[in-house]
Amino acid sequence: MKPFDELTEGGRARRLGRLARAALGNYDLDVASVRFFARHSNSLFAVSTREGARYVLRVGINGPVGHPRSQVDSEVMWIEALARDTDLILPEPIRNRDGSPVTSLSVDGVPDERNVVIFRWLDGRISDEHVSTSAMRSIGALAAKLHNHGATFEPPPSFSALTYDRVFPYDEPVVLFEGDHGGLMPPQRQAIFLEAQHQAAAAIEQLRTAEPMRIIHGDLHRWNVKIRGGVAAPFDFEDLLWGWPVQDIAITWYYQWSRDDYHALNDAFRDGYETEAEWPERYPGEIDRLIAGRTLVIGNDVLIQPEWRYAAAETLDRGERRILDVLNL
């Protein structure tokens, strides 16, 4: 059998589809169809039942950027707390026959055990390349509501989330500054990225004394939000972190940097945010320094994850330009 990492995108989807179908055997769902529809970090399958219900089945990624079972369980804990405590529209996790919202399993041809979660389908459209200022205003209000809840959330003892008190918050090796990676990190780029690390670390250090941490989404960009009737509904909470609101906002803005309407979208986001909470940026440039930090995290990820290595050259080149821009270097 051909190694998983040597398969084409379609080949990987077919292998993971076998795992998805095996996982479905643990649920009381009368499945009519299973269709692969997206792979970002995780792989997503659309599941339809004979009664007409729709679900998203998520197969977790393995390797150094994957999430352990304890963190996936904790993701579900916060979603369920948000469902109890707020009026947000959320992706309801479906429990398997054992009563667990997470099914961990492995199949031949797919490396490592994978964590599978099934969510009810969220209606609406994803705020993708056609995102408008109106949509960003809704996402800003959503972010504030999440931050308000995160500040009061009292997790159970079994809750497990990483802490965003350092530039690289995830449990993965930091290789970004180890050599030139085959010409991808020449000395000039190394120097620029090291300056970004210095400024992002300084911003985080200031946050430590500003206010207590809270749970934040950790990946609230426009591809992880659906809009319906002007209301924003979040999904993909897997990267949740103990952190500060400005870090969450920096992640949202990071993914908009290359757009011509970057500043207009950010202004709309802030307008929406301030309908629900006070704007959390304490000094000009604080969010920009944290955007630079996010750039380093993504750059490191593409170097350590074999499935993303193909995008390393473009990601690091774009990252250098982003850092130069947001830090005015």
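For the structure, see preceding data.
Residues numbered from 1 in each chain as written. Predicted model: local features only at pLDDT ≥ 70, side-chain atom pairs only at ≥ 80, totals over all residues. Heavy atoms only, no water.

## Re the overall build of the protein
And then number 1: Scanning the protein from terminus to terminus reveals eight helices and twelve strands.
And then number 2: The C-alpha atoms of the protein give a radius of gyration of 20 Å, which matches the 20 Å a tight globule of 329 residues would have.
And then number 3: Its C-alpha atoms give the protein principal-axis dimensions of about 55 × 50 × 40 Å.
And then number 4: Long-range pairs, those at least 24 residues apart, make up 73% of the contacts in the protein between residues at least 6 apart in sequence.
And then number 5: Carbon and sulfur atoms provide 48% of the accessible area of the protein, an area that totals close to 14,400 Å².
And then number 6: Computed over 36 positive and 49 negative side-chain charges, the separation of the two mean positions in the protein equals 6 Å. (Helix = DSSP H or I, 4+ residues; strand = E, 2+ residues; numbered from the N terminus. Rg over C-alpha atoms; globule rule 2.2 N^0.38 Å. Contact = heavy atoms within 4.5 Å. Areas by Shrake-Rupley, 256 points an atom, 1.4 Å probe, with all protein chains shown as cover. Lys, Arg positive; Asp, Glu negative; His and termini not counted. Charge placed at Lys NZ, Arg CZ, Asp CG, Glu CD.)

## A look at the environment of S41
And then number 1: The residue S41 is located in the loop between β1 (31-39) and β2 (43-49) in this model.
And then number 2: Judged by its relative accessible area of 28%, S41 is partly exposed.
And then number 3: Each C-alpha atom of the pair S41 and E307 lies 9.1 Å from the other, and the pair is 266 residues apart in sequence.
And then number 4: Apart from residues no more than four positions distant in its own chain, S41 is found in contact with I61 and W308. (Buried < 20%, exposed > 50% of the residue type's maximum accessible area, 1.4 Å probe, protein only.)

## Notes on the packing of aromatic side chains
And then number 1: Within this structure, the stated rule accounts for twelve aromatic pairs.
And then number 2: Summarising the aromatic geometry, the rings of W78 and F237 are spaced 5.6 Å apart at their centres and angled 80° between planes, so their arrangement reads as edge-to-face. Taken together, the residues span a long stretch of sequence, with W78 in helix α2 (residues 69-85) and F237 in the loop between β11 (231-234) and β12 (241-243) at a distance of 159 residues. Comparing W78 with F237 shows no difference in burial state: the two are buried.
And then number 3: With a centroid separation of 6.3 Å and an interplanar angle of 75°, the aromatic rings of F269 and W279 are classed as edge-to-face. Of this pair, F269 sits in helix α6 (residues 262-273) while W279 is found in the loop between α6 and α7 (286-304), placing the two residues ten residues apart along the sequence. One exposure class covers both F269 and W279, and it is buried.
And then number 4: An aromatic cluster is defined as three or more aromatic residues linked by ring pairs; in this entry it consists of W253, F269, Y273 and W279.
And then number 5: Over the ring of W223 we find R222; its NZ or CZ atom is 4.2 Å from the centre of that ring.
And then number 6: Geometry around Y254 places R322 over its ring, the cationic atom sitting 3.9 Å from the centre. (Phe/Tyr/Trp six-rings, centres within 6.5 Å; stacked < 30°, edge-to-face > 60°. Lys NZ or Arg CZ within 6 Å of the ring centre and 35° of its normal.)

## Here's the deal with the nonpolar core
And then number 1: In this structure, W78 and F269 are the most contacted members of the largest nonpolar core, which totals 79 residues.
And then number 2: The element contributing the most residues to this core is α7, with ten residues.
And then number 3: Those residues within four positions of W78 in sequence are excluded, and the remaining contacts are L146, H149, G150, F153, I215, I216, H217, F237 and L240.
And then number 4: Ranked by size, the runner-up nonpolar core spans 21 residues in total, among them F4, L16, V107 and I118. (Core = buried A, V, L, I, M, F, W, Y, C linked by side-chain atoms within 4.5 Å.)

## Things to note about the sheet that holds strand β7 (residues 125-126)
And then number 1: Across the sheet, which stays open at both edges, the three strands sit in the order β7-β10-β11 with antiparallel pairing between neighbours. Each of the sheet's edge strands pairs with one partner strand only, and the pair in question is β7 and β11.
And then number 2: Examined bridge by bridge, β7 and strand β10 (residues 225-228) share two bridges and lie antiparallel to one another. When the bridges of β10 are listed, I126 appears paired with K226. (Pairing = 2+ DSSP bridges.)

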